[in-house]
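Working through the structure, step by step
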Amino acid sequence: MVSNRILEMRRLLKDALVKNGAKGDWQHITNQIGMFSYTGMSKPQCEVLIDKWHIYLIKNGRISMAGVTTKNVEYLANAIKDAVATA
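Values in this document were obtained by computation on a predicted structure and should not be read as measured data. (Residues numbered from 1 in each chain as written. Predicted model: local features only at pLDDT ≥ 70, side-chain atom pairs only at ≥ 80, totals over all residues. Heavy atoms only, no water.)

Brief notes about the overall build of the protein
Inclusion rule: In DSSP terms, a helix is any run of H or I states spanning at least four residues, a strand is any run of E spanning at least two, and both are numbered starting from the N terminus. Only protein chains enter the accessibility calculation, which uses a 1.4 Å probe. A residue is then buried if its area is under 20% of the maximum for its type, exposed if over 50%, and partly exposed in between. Any pair of residues with heavy atoms lying within 4.5 Å of one another is described as a contacting pair. Areas reported as accessible are Shrake-Rupley estimates using a 1.4 Å probe. Residue values count occlusion only from the protein chains shown.
The secondary structure content of the protein amounts to 4 helices and 2 strands. Helices and strands appear in the protein in the N-to-C order α-α-β-α-β-α. For the protein, the spread of C-alpha atoms along the three principal axes comes to 35 × 25 × 20 Å. When each of the 87 residues of the protein is scored for burial, the buried share is 40%. Expressed as a percentage of contacts within the protein between residues at least 6 apart in sequence, the contacts between residues at least 24 apart total 60%. When the accessible area of the protein is evaluated, it comes to approximately 5100 Å², of which 59% is carbon and sulfur surface.

Thoughts on the side chain of K14
Basically, it comes down to this: For the charge count, each Lys or Arg is scored as positive and each Asp or Glu as negative, with His and the chain ends excluded. Any carboxyl oxygen of Asp or Glu within 4 Å of a side-chain nitrogen of Lys or Arg constitutes a salt bridge here.
Tracing the backbone through its elements, the reader meets K14 in helix 1 (residues 2–20). Buried charged residue K14 carries no salt bridge. Nearest counter-charge: D15, at 4.1 Å. Residue contacts for K14: discarding those within four places in its chain leaves W26, Q27, I29 and T30.

A short note on the environment of S64
Its location among the elements puts S64 in strand 2 (residues 62–64). Expressed as a C-alpha distance, the spacing of S64 and G34, which sit 30 residues apart in the sequence, is 9.2 Å. Here S64 is in contact with M35 and F36, once residues within four sequence places are set aside.

A few points about the packing of aromatic side chains
Each aromatic ring pair is characterised by the separation of its centres together with the angle its planes make. This is how the line gets drawn: When two rings of Phe, Tyr or Trp (its six-membered ring) have centres within 6.5 Å they constitute a pair, described as stacked for plane angles under 30 degrees, edge-to-face for angles over 60, and tilted for the intermediate range. Should the NZ of a Lys or the CZ of an Arg lie within 6 Å of a ring centre and within 35 degrees of the ring normal, that charge is described as sitting over the ring.
In the structure shown here, the tally under the stated rule is 1 aromatic pair. The aromatic ring of F36 is capped on one face by R62, whose charged end is 4.6 Å from the ring centroid.

Points about the side chain of S37
Quick note on the threshold: We define a polar contact as two N or O atoms separated by no more than 3.5 Å, with the added condition that, inside protein, one atom must be a possible hydrogen donor and the other a possible acceptor, whereas residues neighbouring each other in sequence contribute only through side-chain atom pairs.
Mapped onto the fold, S37 is located in strand 1 (residues 36–38). Within polar-contact distance, the side chain of S37 engages the side chain of R10 at 3.3 Å. Polar side-chain contacts of S37 include one of 3.5 Å to the side chain of Q32.

Observations regarding helix 1
We apply this condition: Each helix should span, by expectation, one fewer than its residue count multiplied by 1.5 Å. What the arc measures is the spread of directions leading from the helix axis to the C-beta atoms.
Given a rise of 1.5 Å per residue, 19 residues ought to cover 27 Å, and the 27 Å separating the end C-alpha atoms of helix 1 matches this to within 8%. Buried residues of helix 1: I6, M9, R10, L13, K14, A16, L17 and N20, and no others. What you see down the axis of helix 1 is that its buried residues fit within an arc of 160°, all on one side. For helix 1, the exposed residues lying more than 90 degrees away from the buried face are N4, V18 and K19.

This is the structure:
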């Protein structure tokens, strides 16, 4: 059940990124498995997520998918879109 939820959060995040027009190819989000996902974001982009959006991840771009929920996935997608566009 836990692994299915994480797979679903990966799908929802990728779909939200595509829907909101975030620059980039987000297929790697759903191609990965496990509780952590490499976002492909740079250190400056991660710093935007941390400092501006209060989304915490490792500055190499790894994020815990366990923290992504149906209630915050749109917020995360919008934050990623902003970070990619501004950093």
